[in-house]
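Remarks on the overall topology
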There are 2 protein chains.
Amino acid sequence: MDIKTLKGFKDYLPKDSLIRIHIVRQIFSVLNSYNFDLIDTPVLEYSDLLLKKSGDETEKQIYRFKDNGGRDVSMRFDLTVPFARFVATNISALKLPFRRSQFGKVFRGENSQKGRYREFMQFDFDIVGEDTFRGDAEILSVVYYGLEEIFLNFIEGINKKFIIHYSHIGILNSFFEKLGLKEKSIFILRNIDKIDKIGIDKVKEALLLEIEKEAVDSILSLVSLQGTFKDKIQALKSILGDNESIKRVEDVFQHLSLLKIQDSFNLNLKISRGLDYYTGIVFESEVFGSNMGSVCSGGRYDNLVSSFSNSIQKISGVGGSFGVDRIKDIIDLEKFSYIKIFVTKARSKVLIVNLDSALQNYYYELATRFRNHDYSKVKNISCEVYFKNKNGKNIKEQIEYALSKEIRFLVFVGQEEYKENKMKVRDLTKKEELLLSFEESINLIKCNEKLLCTPF
Amino acid sequence: MDIKTLKGFKDYLPKDSLIRIHIVRQIFSVLNSYNFDLIDTPVLEYSDLLLKKSGDETEKQIYRFKDNGGRDVSMRFDLTVPFARFVATNISALKLPFRRSQFGKVFRGENSQKGRYREFMQFDFDIVGEDTFRGDAEILSVVYYGLEEIFLNFIEGINKKFIIHYSHIGILNSFFEKLGLKEKSIFILRNIDKIDKIGIDKVKEALLLEIEKEAVDSILSLVSLQGTFKDKIQALKSILGDNESIKRVEDVFQHLSLLKIQDSFNLNLKISRGLDYYTGIVFESEVFGSNMGSVCSGGRYDNLVSSFSNSIQKISGVGGSFGVDRIKDIIDLEKFSYIKIFVTKARSKVLIVNLDSALQNYYYELATRFRNHDYSKVKNISCEVYFKNKNGKNIKEQIEYALSKEIRFLVFVGQEEYKENKMKVRDLTKKEELLLSFEESINLIKCNEKLLCTPF
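These numbers were taken from a predicted model, which means no experiment stands behind them. (Residues numbered from 1 in each chain as written. Chains lettered and ligands numbered in written order. Predicted model: local features only at pLDDT ≥ 70, side-chain atom pairs only at ≥ 80, totals over all residues. Heavy atoms only, no water.)

Here the focus is the sheet that holds strand β14 (residues 409-412) of chain B. All names here are of chain B. The strand order β13-β12-β14-β15-β16 describes an open sheet built from five strands, whose pairing is mixed. Strands at the two margins of the open sheet, each flanked by one partner only, are β13 (382-385) and β16 (432-436). Going from strand to strand, the sheet's axes swing by 25° on average, the running direction of each strand aside. Two strands pair when backbone bridges link them, and strand β12 (residues 349-352) and β13 are joined in this way by four bridges, in the parallel orientation. For K349, the partnering residue across the bridge sits in β13 and is S382. Where helix α15 (residues 360-371) meets the sheet, its contacts fall on β12, β13, β14 and β15 (423-427), and the angle it forms with β13 comes to roughly 170°. (Pairing = 2+ DSSP bridges. Helix = DSSP H or I, 4+ residues; strand = E, 2+ residues; numbered from the N terminus. Axes fitted to C-alpha atoms, helices over the stretch in contact; angles between N-to-C directions. Contact = heavy atoms within 4.5 Å.)

Structural data, given as structure tokens:
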């Protein structure tokens, strides 16, 4: 019998889950500090709702079927469309502006490759019911701090690992209008979005099928603008004059500068997301040397929520989505092994070695004291008693077990230690052993934990 | 257009998510302290794998369909069968005994009612590759500590909120054998399992269809045994004599007594779980006054893993499953409102009131300082700046916003406070206002947080 997972789906072993949980925890912690509120929506929804705002390509990839009651249902393929539906459904219970966070699995039957799966986890965040540069900048700063926490930029000596590319759909649209190409806007944006994937020459070919050479050249020259932020803004102003979208980008940049994080952002007019619901700021995030596409993308959408209900007037929103499982794949790369080490060693685990058959009960009493050291759970210790007991003959097996589970501390209590109310604590990392009291053990183990716990 | 969720599916608003996250966090924290390792498996699997160990009733409820590649796939209906498949698939990468934890959504197209949904979250935990009373007792103690943390038993004055009923399938099976009814075992167990749902009279009727009256009477009298643990064991021994299953139950009880938690356990022979893969200890958990069925159930299964692979010899496992969303519904009951209050007030949130249009940048600098107070994230503070700015005219609107979001502290900075490098901090709970420095504000806000953060 075949006992495999489906193609494009995969099991998460403990070492994989540790990384995934690290990513979720760091994002959650940042969103928490911004007062974002967690929500959830179902994995299954009515197909006509989910497909309302998907493109043709999405429609081909969706898991869609009839349920036992004959309903046409689909599994969610992202968390943005369900969120727009959520706002429309629950509008009377929400106080605007509403800051939403949500994480969960989404499903797309696309061709699987590294960084792309048919089931993957996303962590979304949005502010709806507000449309100023402050909202845009809050979202962009969440992207920055989220990635900073995930890639542990606060550890000394870790260089910048990522850059956030951003643009404003309105800038290109103003330009298209100037060229008399307003009605070709979506066609052009979708092609520009492919420049980094298929190269500028192929995009040029595609554009030339519907647009004159002169216009194509000027569009491609505009989106390829180089230089500092100031240079680019100056160039744009000289072409487009006074322009609301340029003003918005300048304001956002000023806010990011206030937080001293502007150097991690790159105004890049090639970014257009290729989705027709974005109407303002758009962004993508690149981890240097990962070659796996954007790890956090999003933008502002003016009409997504109102498209679900005639009775709802325009509610502007801005938000983004961290690709949790894609980030996990990136952390699996050799160059990010420092994160793996950090996360694996973050929590010091204890194995109480099973030495003496007469002390079985004592071992479990001791484990319970470690586990419940205090109710705050900041100071409790992860601990287990080795199950098998062959009267101390199998210590090698027990050490192997500890090593396989990344357990750092072994606790030995024989009759002698038991009588003295002490224990031998062996640190497998430092390769040293000390005779300690219970309180001393707690202190030793805790002072070796690098990562303090974070709120979930 | 209909913008509803599917029948039996629901949205989680922030107040619902807070409770769900509380439940997940408390269970996670306890499992962490026991060295359980987190794993994950896909929502979708091959139907023949998932249906291998389901009953007829499950088969009717399952979401099963053909994917775009023509594969017969199903959405998982629990986390136990996928875990058995996981162990069979990944056996070479796992070091036994393996302590597994996993949480996620499962799907059953059953008739929805309070406490029962078509999509719901479970939190599972198992120890596989070990078969002693210590393993059984570790699992039962996780149930106890998990529920204790969820229902906040550590708060003074909170009485016991739950009881864990347990039994051993082997005891009844020995009795059936004695009665010459060994081959009727599954039939009898499934009926006994229904006593609490449909009443003993209806169960008796059902049993009488296939079994003689005398045997039925003696079975029903056995499963209705009353008295202390000692009384019950004595009665069982007088009927069955020396018996491995009784010995196992005694050992488990002794271990629970060691931890001084035995009073929250009730040996109850009516518990049989009605699933044919359980072969040893079985348990269910009842929250007093909830009337919503078991919130954490499980047991020992000897042959579940090996049923997935001919090449794998018997791997015994024992585990359980917290019904996260059912517990959430119970916490929604009036009598558990103390948990809601505790969880809602646990994290002190801050709103920086938007008073002065000249101080916009300063407000965001201040928010950033609150948010990043230190990198440990134990001490950071959840904070936002109110977006709209009408030059201080809309303070009432801002206070309403704060109240609707359970924000406790308002921070006011006008020109005067700005010049003095101070802020007015208004505590909406205590209804008092103080003029403080930044550091003093941090201390005030933090000392009002009841719940320390917990590891995720």
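A word on the domain arrangement of chain A. Along its sequence, chain A is organised into domain 1 (12-338) and domain 2 (346-445). A separation of 48 Å is found between the C-alpha centroids of domain 1 of chain A and domain 2 of chain A. (Domains from an automatic or database assignment.)

Turning our eyes to something else, we now look at the environment of L94 of chain B. Looking at the secondary structure, you find L94 of chain B in the loop between α4 (80-90) and β5 (98-107). Taking relative accessible area as the criterion, L94 of chain B reaches 11% and is therefore assigned buried. In the structure, L94 of chain B is positioned 40 residues away from R134 of chain B in sequence and 21 Å away in space, judged by C-alpha atoms. If we skip the residues at most four places from it in the chain, L94 of chain B touches L13 of chain A together with F86 and V87 of chain B. (Buried < 20%, exposed > 50% of the residue type's maximum accessible area, 1.4 Å probe, protein only.)

Residues and elements named next belong to chain A. Taken in spatial order, the five strands make up an open sheet running β13-β12-β14-β15-β16, and their pairing is mixed. Both edges of this open sheet fall to β13 (382-385) and β16 (432-436), since each of them pairs with a single strand only. When strand polarity is set aside, the average angle formed by the axes of neighbouring strands in this sheet is 25°. The strands touched by helix α18 (residues 438-446) within the sheet are β12 (349-352), β14 (409-412), β15 (423-427) and β16, with β16 carrying the most contacts at an inclination of about 145°.

All right, on to the environment of A358 of chain B then. Residue placement: A358 of chain B occurs in the loop between β12 and α15. Distance from A358 of chain B to G170 of chain B, taken between C-alpha atoms, is 76 Å for residues 188 residues apart in sequence.

Another point: the side chain of E130 of chain A. In this fold, E130 of chain A is placed in the loop between β6 (119-128) and α5 (133-150). Assessed through its relative accessible area of 7%, E130 of chain A is described here as buried. With residues near it in sequence (within four places) discarded, E130 of chain A still touches P97, G135, R300 and S316 of chain A together with F387 of chain B.

Accessible area lost during the coming together of the parts is what is often quoted as the interface size. Contacts between chain A and chain B engage 110 residues on the former and 110 residues on the latter. When chain A packs against chain B, close to 9700 Å² is buried across both sides, 59% of that on carbon and sulfur atoms. Where chain A meets chain B, there are twelve salt bridges. Across the salt bridge formed by E384 of chain A and R99 of chain B, the nearest N and O atoms sit 3.0 Å from each other. The interface formed by chain A and chain B contains 42 residue pairs in polar contact (both at pLDDT 80 or more). The greatest single-element share of the side of chain A that touches chain B, amounting to nine residues, is contributed by helix α1 (residues 14-33) of chain A. Grouping the constituent residues of the side of chain A that touches chain B by class yields 50 nonpolar, 25 polar and 35 charged. (Buried area = accessible area lost by both parts, 1.4 Å probe. Salt bridge = Lys/Arg side-chain N within 4 Å of Asp/Glu carboxyl O. Polar contact = N/O pair within 3.5 Å; in protein donor to acceptor, adjacent residues only side chain to side chain. Nonpolar A, V, L, I, M, F, W, Y, C, P; charged D, E, K, R; others polar.)

Expressed as a screw transformation, the operator carrying chain A onto chain B has a rotation angle of 180° and an axial translation of 0.0 Å, and the superposed copies differ by an RMSD of 0.0 Å. As the rotation angle and translation indicate, the two copies are arranged about a two-fold axis. The fraction of interface residues of chain A whose copies in chain B are also interface residues reaches 100%, indicating that both copies meet through the same surface. (Least-squares fit on C-alpha atoms with pLDDT ≥ 70 in both.)

To continue, consider the packing of aromatic side chains. For the structure on display, the rule yields 35 aromatic pairs over all chains. Ring geometry for F125 of chain A versus F322 of chain A: centroids 5.3 Å apart, planes at 35°, classification tilted. Of this pair, F125 of chain A sits in strand β6 while F322 of chain A sits in strand β11 (residues 317-323); the two residues are 197 residues apart in sequence, bridging distant segments of the chain. Here the two residues F125 of chain A and F322 of chain A agree in accessibility, since each one is buried. Their ring planes at 80° and their centres at 5.2 Å tell us that Y144 of chain A and Y145 of chain A sit as a pair that is edge-to-face. Among the residues examined, Y144 of chain A registers a relative accessible area of 4% and is labelled buried. For Y145 of chain A, a relative accessible area of 9% corresponds to the buried category. A cation over an aromatic ring shows up here: R20 of chain A above the ring of Y12 of chain A, its NZ or CZ 3.8 Å from the ring centre. Cation over ring: R99 of chain B sits above F36 of chain B, and NZ or CZ is 5.6 Å from the ring centre. (Phe/Tyr/Trp six-rings, centres within 6.5 Å; stacked < 30°, edge-to-face > 60°. Lys NZ or Arg CZ within 6 Å of the ring centre and 35° of its normal.)

Assignment of secondary structure puts T5 of chain B in the segment before α1 (14-33). T5 of chain B sits in the buried class, given a relative accessible area of 18%. Each residue touching T5 of chain B, except ones within four places of it in the same chain, is listed here: P42, Y46 and R85 of chain A together with K10 and D11 of chain B.

Looking now at the packing of α5 of chain A against α15 of chain B. The N-to-C vectors of α5 of chain A and α15 of chain B enclose an angle of 25°; their axes lie 13 Å apart at closest approach. Regarding the angle of α5 of chain A to α15 of chain B, the classification is roughly parallel. Of the two elements, α5 of chain A crosses α15 of chain B, and the hand of that crossing is right-handed. Here α5 of chain A contributes R134, E138 and Y145 of chain A to the contact with α15 of chain B, which in turn contributes Q360, N361, Y364, T368 and R371 of chain B. Classifying every residue of the contact of α5 of chain A with α15 of chain B by side-chain character gives two nonpolar, three polar and three charged. (Parallel < 35°, antiparallel > 145°, perpendicular 65-115°, else oblique. Left-handed = near helix turned anticlockwise from the far one by under 90°.)

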